[in-house]
Amino acid sequence: MARTDIQNAQRILYDFFLFSVQTEPADTVLATFRRLFIDYVESSTESDLPVALYSIVIANSEQQFLFTLKRVCYILINNWGIQRQPDAIQNLIKMFDDRVLMRAGFSLILKRLRSWMQDFVLSQDFQDLKLFASRYNQNEHWSGRYTSYLLAPQYLNLNNPLEQREAARNLSFQLKSKFRFDLAMYTAKTQMESPSTTVDNPTVLGEAAINLIKMLLMQPGQFGYENLANLLHRQCDQLNYWDFKRALLHYLVYALPRGPLTQTLKAQLPDVALMFYGRHNEDALTDALILRTCKRVVDSFTTEDGENPATFFSMFLAQGNPLVLVIILLKVALFCPHVQSHLELRIASLIRYYEAYSEEDCRWVINFFEVFRITFTVYASGTMYNLVRVANSDPTDSPLSTYRVFSQLRDQPIELGPMTANIKHSQLTEKFPHPLQLPLEIPNLAVNPMVRAIAS
């Protein structure tokens, strides 16, 4: 069969289901989907549909059939998502569990169709499809809490149907927005002296979530994280690639908490990072080279092959210190915002790697995912968190307890009560009216002489 004939048949299916999902009740659309793909009833009121599907199946291209099936599913999911009909999405997914798909058909067409449907149910494509229903499952696996990241491979893969990419991007945005709102509400309510209502903690860190946010908002050393990123940007114009890598190393390790782990990182990181794209060492710095380098840095701290945890990731998590690792990743994303899509792909890969383990068996890595999403909600979302010192705090209180966290939409003023000192987070980080250079020297970074020779 000619390719144009298959495309015409696909177009008939796409147009019908797009029109149907926008004009018919969900039950009617689901019944039509079942008659066509599950039962394959050749004689029906939608006479064009069985003929179109027959044309695709008889062409004996499983790849074209699976692409067609995926796109039809995401046309339905996209529209039901907009219409706020989660039950319809769940019922669509459940349809693939029907035992009728396991029966061998009598005709050649039905046998082939059933075989391909079985292949689809066993594929990663179907696992991707199930993400859209898993958010409504009360007994979801622990990885379901991070569906917004698991969707990244779907909406960033240009080989996926447009409808799938749109559905994945929209759902990811919704989930991140919900978490951002829930975290802001929880932060506000739990810090009231006598809250009128209780709000569920959207994290699994318990009360430690508030202290984590306070720690994140404390200025790192002399500068704040955003100011540090801006300082590095200011000196990029005058650096070649070799000097940029050295400045980037200094930026990444600047003001990290002291300890054996940080010292190990300072000793080992140069031997990795200075090897990046050595043939460009004398070249002028470009945006493309910055992005490629930041992607390599992300890989070094997450997963280098997209499947297995990287050495640095395992080193940090084995020490039970996810915050330092997350701060490094945050620094990369603040300096190079375009790297965040790649970072979320790598986070999705790590979630997939560890989801074979029970929640109890991988509590340590779940702590990392929690710290990661809280940190990026605080620094890389539409909500700005402000750290305010309580004016009448008890001198005997711990340093963190003397502060309160307030959240607001960015670019909106915050009104503080009379019991607090009017100090915003933006005022806690020093403002620089003129470019201030981060030193190009990398103190305490031991570069292996052999690495220096190879990379130069």
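Residues numbered from 1 in each chain as written. Predicted model: local features only at pLDDT ≥ 70, side-chain atom pairs only at ≥ 80, totals over all residues. Heavy atoms only, no water.

### Some words on the overall build of the protein chain
In terms of regular secondary structure, the protein chain is built from 21 helices and two strands. Relative to its 456 residues, the protein chain shows a buried fraction of 50%. A separation threshold of at least 6 residues defines the contact pool for the protein chain, and within that pool the share at least 24 residues apart is 73%. Surface accessibility of the protein chain: about 22,400 Å² in total, with carbon and sulfur atoms responsible for 51%. (Helix = DSSP H or I, 4+ residues; strand = E, 2+ residues; numbered from the N terminus. Buried < 20%, exposed > 50% of the residue type's maximum accessible area, 1.4 Å probe, protein only. Contact = heavy atoms within 4.5 Å. Areas by Shrake-Rupley, 256 points an atom, 1.4 Å probe, with all protein chains shown as cover.)

### What to know about the packing of aromatic side chains
Applying the stated criterion across every chain yields a total of 29 aromatic pairs. With a centroid separation of 6.3 Å and 70° between ring planes, the pair formed by Phe-17 and Phe-33 is classed as edge-to-face. Of this pair, Phe-17 sits in helix 1 (residues 3-23) while Phe-33 is found in helix 2 (residues 26-38), placing the two residues 16 residues apart along the sequence. Side by side, Phe-17 and Phe-33 carry an identical accessibility label, which is buried. (Phe/Tyr/Trp six-rings, centres within 6.5 Å; stacked < 30°, edge-to-face > 60°.)

### Structural notes on the nonpolar core
By size, the foremost hydrophobic cluster in this structure holds 139 residues, and its most contacted members are Phe-33, Phe-65 and Phe-368. The dominant element in this core, judged by the number of residues it contributes, is helix 17 (residues 322-335), at twelve residues. Non-local contacts of Phe-65, meaning those with residues more than four positions away in its chain, are made with Phe-37, Leu-53, Ile-56, Val-57, Leu-113, Trp-116 and Met-117. (Core = buried A, V, L, I, M, F, W, Y, C linked by side-chain atoms within 4.5 Å.)

### Remarks on the side chain of Thr-147
With respect to the element layout, Thr-147 can be found in helix 8 (residues 147-150). Sequence-distant contacts of Thr-147, defined by excluding residues within four places in its chain, comprise Leu-131, Ser-134 and Leu-175.

### What to know about the pattern of salt bridges
For the structure on display, the rule yields 13 salt bridges. A salt bridge links Arg-346 to Asp-299; the nearest nitrogen and oxygen atoms lie 2.8 Å apart. Taken together, the residues span a long stretch of sequence, with Arg-346 in helix 18 (residues 340-354) and Asp-299 in helix 15 (residues 287-301) at a distance of 47 residues. Owing to a relative accessible area of 14%, Arg-346 belongs among the buried residues under this scheme. Using a relative accessible area of 10% as the deciding quantity, one classes Asp-299 as buried. In this structure, the salt-bridge partner of Glu-370 is Arg-373, at a minimum N-O distance of 3.1 Å. Highlighted residues: Glu-370 and Arg-373, both in helix 19 (residues 363-379), separated by three residues, approximately one helical turn. (Salt bridge = Lys/Arg side-chain N within 4 Å of Asp/Glu carboxyl O.)

### Digging into the environment of Gln-154
Here Gln-154 is to be found in helix 9 (residues 152-156). Taking the C-alpha atoms as reference, Gln-154 lies 9.0 Å from Ala-167; in sequence the two are 13 residues apart. Discounting residues that sit within four places of it in the chain, Gln-154 has contacts with Tyr-74, Asp-128, Leu-131, Phe-132, Asn-160, Gln-164, Arg-165 and Ala-168.

### So, helix 7 (residues 124-134)
Turning to helix 7, its buried residues are Phe-126, Asp-128, Leu-129, Leu-131, Phe-132, Ala-133 and Ser-134. The backbone nitrogen of Asp-125 has a side-chain oxygen 3.3 Å away, supplied by the residue at the start of helix 7, namely Ser-123. (Polar contact = N/O pair within 3.5 Å; in protein donor to acceptor, adjacent residues only side chain to side chain.)

### Considering a nonpolar patch on the surface
Where nonpolar side chains cluster on the molecular surface, the patch consists of Tyr-54, Ile-58 and Leu-108 and spans about 270 Å² of accessible area. Mapped onto the secondary structure, Leu-108 falls in helix 6 (residues 108-121). (Patch = residues over 30% accessible without salt bridge, like charges linked within 9 Å, V, L, I, M, F, W, Y side chains within 5 Å.)

### Some thoughts on the confidence of the model for the protein chain
Mean pLDDT over the protein chain: 83, with 83% of residues reaching 70 or higher. Under a pLDDT of 50 for its full length, residues 412-456 has, in the predicted model, 96 contacts with residues more than four places off or in other chains. (pLDDT = per-residue confidence, 0-100.)

### Concerning the packing of helix 15 against helix 18
Interhelical geometry of helix 15 versus helix 18 gives an angle of 20° and a closest axis separation of 10 Å. Classed by the angle they form, the pair helix 15 and helix 18 counts as roughly parallel. For the pair helix 15 and helix 18, the crossing hand works out as right-handed. Contacts from Lys-295, Val-298 and Asp-299 of helix 15 reach helix 18 at His-342, Leu-343 and Arg-346. Looking at the contact of helix 15 with helix 18 residue by residue, the class counts come to two nonpolar, one polar and three charged. (Axes fitted to C-alpha atoms, helices over the stretch in contact; angles between N-to-C directions. Parallel < 35°, antiparallel > 145°, perpendicular 65-115°, else oblique. Left-handed = near helix turned anticlockwise from the far one by under 90°. Nonpolar A, V, L, I, M, F, W, Y, C, P; charged D, E, K, R; others polar.)

### Points about the environment of Phe-16
Position of Phe-16 relative to the elements: it lies in helix 1. Overall, Phe-16 belongs to the partly exposed group, its relative accessible area being 25%. C-alpha of Phe-16 to C-alpha of Asp-48: the two residues are 32 residues apart in sequence and 9.3 Å apart in space.

### Things to note about the side chain of Ser-148
Position of Ser-148 relative to the elements: it lies in helix 8. Classification of Ser-148 as buried rests on a relative accessible area of 8%. Ignoring anything within four residues of it in the chain, the contact list for Ser-148 reads Ser-172, Leu-175 and Lys-176.

### Some points on helix 3 (residues 48-58)
Regarding helix 3, the residues found buried are Leu-49, Pro-50, Ala-52, Leu-53, Ser-55, Ile-56 and Val-57. One or two positions beyond helix 3, positive phi appears at Asn-60, with a value near 60°.

### Topic: the packing of helix 12 (residues 225-236) against helix 17
The N-to-C vectors of helix 12 and helix 17 enclose an angle of 50°; their axes lie 9 Å apart at closest approach. Judged by the angle between their axes, helix 12 and helix 17 are oblique. In terms of crossing hand, the pair formed by helix 12 and helix 17 is right-handed. On helix 17, the residues that touch Tyr-225, Glu-226, Leu-228, Ala-229, Leu-232, His-233 and Cys-236 of helix 12 are Ile-327, Leu-330, Lys-331, Leu-334 and Phe-335. Residue composition of the contact of helix 12 with helix 17, grouped by class: nine nonpolar, one polar and two charged.

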